[in-house]
Amino acid sequence: MRTRTTTATTGLVTALAALLVLAGCTAPGDSWPAASSSVASVPAHSGGGSGFEGPRPQDQNLLAWTGDPNDAGHVTAQSSAGVGGRVTLVRIVLREQITWSNVWLGLAGIDPNAQLANCYLGVYDAKGTLVATTPDISPQLMTDAIAKPFALGKPFTAAPGTYFIALLLNGTWATNGLTLKSTGAGISVNAGLTPPNLRYSNLLTGQTSLPTTVNLAEQSTSTINTGWASQWYAIS
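Residues numbered from 1 in each chain as written. Predicted model: local features only at pLDDT ≥ 70, side-chain atom pairs only at ≥ 80, totals over all residues. Heavy atoms only, no water.

Colleague: How do you make sense of the side chain of Lys148 when you look at a structure like this?
Modeller: Residue position: Lys148 is located in strand S8 (residues 147-158). Separated by 2.5 Å, the side chain of Lys148 and the backbone oxygen of Thr143 make a polar contact. Among residues more than four places away in sequence, those in contact with Lys148 are Val103, Trp104, Leu105, Leu107, Gln140 and Thr143. (Helix = DSSP H or I, 4+ residues; strand = E, 2+ residues; numbered from the N terminus. Polar contact = N/O pair within 3.5 Å; in protein donor to acceptor, adjacent residues only side chain to side chain. Contact = heavy atoms within 4.5 Å.)

Put into structure tokens, the structure is as follows:
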């Protein structure tokens, strides 16, 4: 009889333990995992998507821009004496690799009587090395006052990083005739920045072509602070 009692007791304890596991219960001090632990692995509901993030260049078949063109309502104008021969730089930051083929410029107004020559758009990298340039764009600055692309002489692969779009104008034009689209930021465009990282700046004088290298530590705001600032550019 003693043997039967022991066997019966052992069987009862085993069955009770199995029942507790199935029920997700443990006795104090036990380390059995709860049977319902798989429920905890279901991720919590995130509450929806990331929401509206504003206009993107891709919405307008562009790869990058200095800002939403919808905000480029201001017009910058400078005399040929104030801008001619100077290299104007506008910083742009790429966050993914692209094939850069065109620089878009917002041409707000033209001067039909202008005499233009040796006008260029180009791209400098963060070291101040010229990595691409357009042919002379003088003829295109005489027609069609719209936002339009200016083709680089040779497209290039642009890795993520900081670049500077360069504009060089030469010739003579009416101050309020040849104008570019920009934001209304004025002298506040470089808030919090110093050379060689100014967002808008100018370099050198007397240039008839874009130099192969520039010293970004020499960035100046001599023309930027007089109204020639925050030009709108885009990339395609």
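Moving on from the coordinates now.
Colleague: Would you mind showing me how to read the confidence of the model for the chain here?
Modeller: Close reading of the predicted structure is inappropriate where its pLDDT is low. Per-residue confidence for the chain gives a mean pLDDT of 84; residues scoring 70 or more make up 78%. This model gives residues 1-48 a pLDDT under 50, and the stretch forms 9 contacts once residues within four places in sequence are excluded. (pLDDT = per-residue confidence, 0-100.)

Colleague: For this particular structure, what's the right way to read the pairing of strand S12 (residues 200-203)?
Modeller: Taken residue by residue, a regular strand's side chains alternate between the two faces of the sheet. Neither face of S12 is left uncovered, since the one carrying Tyr200 and Asn202 and the one carrying Ser201 and Leu203 both have all their residues buried. As defined by bridge partners, strand S3 (residues 87-94) adjoins S12 across 4 bridges and the pair is classed as antiparallel. From the neighbouring strand, Val87 faces S12, where its bridge partner is Leu203. (Buried < 20%, exposed > 50% of the residue type's maximum accessible area, 1.4 Å probe, protein only. Pairing = 2+ DSSP bridges.)

Colleague: I keep staring at the sheet that holds S3 and nothing clicks. Help me out?
Modeller: The strands that make up a sheet are held in pairs by hydrogen bonds between backbone atoms, and each pair lies either parallel or antiparallel. Ordered by their spatial adjacency, 5 strands build an open sheet running S7-S6-S9-S3-S12, and the pairing between neighbours is antiparallel. Here the strands that pair on one side only, and so sit at the sheet edges, are strand S7 (130-133) and S12. Looking at each pair of strands side by side, their axes are set apart by 30 degrees on average, direction ignored. Bridging between strand S6 (residues 120-125) and S7 involves 3 bridges; their strand directions are antiparallel. Each bridged residue has a counterpart across the sheet, and for Gly122 the counterpart in S7 is Thr133. (Axes fitted to C-alpha atoms, helices over the stretch in contact; angles between N-to-C directions.)

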